[in-house]
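Next come the chains, spelled out residue by residue.
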Amino acid sequence: MNEHDIVIIGAGITGLTCAFQLKRKNRDVLILECNDRVGGQIKTVNVGSFTFESGPNTGVVKYPEVAELFEQLSGRCEMETALESSKRRLIWKGSSFCPLPSGLMSALRTPLFSWYDKFRILGEPWRAKGTDPNESVGSLAQRRLGKSYVDYAVDPFLSGVYAGDPYKLPARLALPRLYALEQQYGSFIRGSMAKARIPKTEREKKATKKVFSAKGGFSKLVESLADAIGSEQIVTSATNISILPDDKNGWNICYTKGNEQIQLHANHVVTTCGAYSLPQLLPFVEPQLMNDLNNLYYAPVVQIGVGMQDCGENQWKAFGGLIPSCENKTLLGILFPSACFQHRAPEQGAVFSYFIGGVRHPEYVQKSDAELTEWVNRSLSEMLKYPQGKRAEEIMIFRHEHAIPQYELTTDARLQAIDRLKEQYPTLTIAGNLKDGIGMGDRIKQAFDVSSQFT
Ligand SMILES: Cc1cc2nc3c(=O)[nH]c(=O)nc-3n(C[C@H](O)[C@H](O)[C@H](O)COP(=O)(O)OP(=O)(O)OC[C@H]3O[C@@H](n4cnc5c(N)ncnc54)[C@H](O)[C@@H]3O)c2cc1C
């Protein structure tokens, strides 16, 4: 039987980053991945001169670990930060996209928010602090900022990040930093100002609000990680993995590769797959505990990559446009990756990324390719203001049944179950997007944190 020190389940960004950090510490690590490729939700697809992302288009350099990962990969993969000209965020209202205000004057002039709420926001620093620890993001923001801010800022933002519903996601769990601003400082405005004044160490300064990808697309990042880890340390197409504790705090693992049944032994196991994979993976966990671990809804999302050869004068120089749910459109939003990053589309052309589905319309994932293509082509004139009849030259449809985990109230029980399992089995680590955040930055940070448990 093969012996390994640490076996990691899943070769998404979390598993790969974790394995890479462990390899840097000279630990013996093996990744088992059920898919026939690495990357998990990350996949870049090149078609002609277009570069499409199937999963994430961007991340935020919100932790030093993100910058450090790219520093460690220097020579293999370069970080690309979004162009300054793509900073604007757009929000749909009525029949067009409006820029989200970025300063005082634009905040006063914007048609997105009501005059009542614009004046009311002046009182935000003095508004009473909330007392319900389970208050939703929507309710918290409505109480402090006003309904029009929820409708035209918070709701589309939550759609963009979680494909979720602001009134279903508790602020404490879904947006802990926002929740902490009110709890610690009594106000979003006072809290943001106080936080900006806190001196930062050189390492903390590496964390920024910059939007990033990898040069050439996110697949370059995962491929570089896989390269650095070494192909002999990664087994793809490892299916039916089952993990059982032995009687010496170690693990017996068996899986199928092709027609072969393979057995191996590990001192430690780290899982980085979604919650839905855990019941089959860890059959020894008692049903109630597994139920708490696994009780997590993943909103399905369709991402449609749209390639335009020639956009004429109509170049969308912005990060993207989000669509508030109160506008009753079929789309969650449209990102403009070729406005953010270089060489993603022909010189005069563009790549757009359409998002459809989420918690409000999970059934849209089942729509036929023809129907989705028709929605996209119709929106080109209606929303992006191209001439009637203009059609996309390239359309790629990517369906994600388990796209974005919703950190609803079940999260408390899930986190407790993870802790209980760790007490029972100290050499088993449950990681992945069932905890610690759903964005690229969160995943990278978690992988660094997990690897730091191993000396
Ligand atoms: C459409 C979409 C758009 C997104 N956009 C953004 C964005 O713009 N910005 C951002 O920050 N984040 C975004 N995200 C989220 C981001 O992509 C994820 O947080 C991140 O990629 C998750 O990485 P992971 O390694 O934790 O999980 P995954 O990528 O899901 O990797 C888990 C791996 O485990 C494997 N696995 C599962 N079960 C088993 C098993 N039983 N045995 C072996 N292997 C198994 C899977 O095949 C997979 O490779 C987006 C996600 C989606 C789906």
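Cut-off values and rules
Residues numbered from 1 in each chain as written. Predicted model: local features only at pLDDT ≥ 70, side-chain atom pairs only at ≥ 80, totals over all residues. Heavy atoms only, no water. Near = heavy atom within 4 Å. Polar contact = N/O pair within 3.5 Å; in protein donor to acceptor, adjacent residues only side chain to side chain. Areas by Shrake-Rupley, 256 points an atom, 1.4 Å probe, with all protein chains shown as cover. Helix = DSSP H or I, 4+ residues; strand = E, 2+ residues; numbered from the N terminus. Nonpolar A, V, L, I, M, F, W, Y, C, P; charged D, E, K, R; others polar. Domains from an automatic or database assignment. Salt bridge = Lys/Arg side-chain N within 4 Å of Asp/Glu carboxyl O. Phe/Tyr/Trp six-rings, centres within 6.5 Å; stacked < 30°, edge-to-face > 60°. Buried < 20%, exposed > 50% of the residue type's maximum accessible area, 1.4 Å probe, protein only. Contact = heavy atoms within 4.5 Å.

The environment of the ligand is formed by 31 residues, the closest being Thr 14, Glu 33, Thr 58, Ile 438 and Met 440. Contact between the ligand and Ile 13: an oxygen atom at 3.0 Å from a main-chain N or O atom of the residue. In the model, an oxygen atom of the ligand is placed 2.8 Å from a nitrogen or oxygen of the Gln 41 main chain. For the ligand, the protein covers 89% of the area, taking 1000 Å² as the surface of the free molecule. Secondary-structure elements contributing two or more residues to the shell around the ligand are helix H1 (13-24), strand E18 (394-405) and helix H16 (440-452). A per-element tally of the shell around the ligand places E18 first, with three residues. Split by residue class, the shell around the ligand holds 14 nonpolar, 15 polar and two charged. In terms of domain composition, the shell around the ligand takes at least three residues from each of domain 1 (2-42 + 219-296 + 407-452) and domain 3 (298-405).

A few words now on the pattern of salt bridges. Here the structure, examined in full by the defined rule, presents 25 salt bridges. One salt bridge connects Glu 71 with Lys 206, and the closest N-O pair in it is separated by 3.3 Å. Of this pair, Glu 71 sits in helix H2 (residues 64-72) while Lys 206 sits in the loop between helix H9 (188-197) and strand E9 (211-214); the two residues are 135 residues apart in sequence, bridging distant segments of the chain. Ionic pairing is found between Glu 78 and Lys 215, a salt bridge with its closest N-O pair at 3.4 Å.

Evaluated as defined, the whole model comprises 16 aromatic pairs. For the ring pair Phe 97 and Trp 316, a centre distance of 6.0 Å and an interplane angle of 80° mean the geometry is edge-to-face. Note that Phe 97 is positioned in strand E8 (residues 96-99) and Trp 316 in the loop between strand E14 (298-308) and strand E15 (320-322), a separation of 219 residues in sequence. Overall, Trp 316 belongs to the buried group, its relative accessible area being 18%. Pairing Tyr 364 with Trp 375 gives two aromatic rings, centres 5.0 Å apart and planes at 70°, and the pair type is edge-to-face. Of this pair, Tyr 364 sits in the loop between strand E17 (350-357) and helix H14 (369-382) while Trp 375 sits in helix H14, and the two are eleven residues apart along the sequence. Residue class for Tyr 364 comes out buried when judged on its relative accessible area of 12%.

Here we take up the side chain of Glu 182. Here Glu 182 shows up in helix H8 (residues 176-185). The buried category is assigned to Glu 182, whose relative accessible area is 1%. A polar atom in the side chain of Glu 182 sits 2.6 Å from the side chain of Arg 144. Ignoring any residue separated from it by four or fewer positions in sequence, one finds Glu 182 in contact with Ala 128, Lys 129, Gly 130, Leu 140, Arg 143, Arg 144, Ser 187 and Phe 188.

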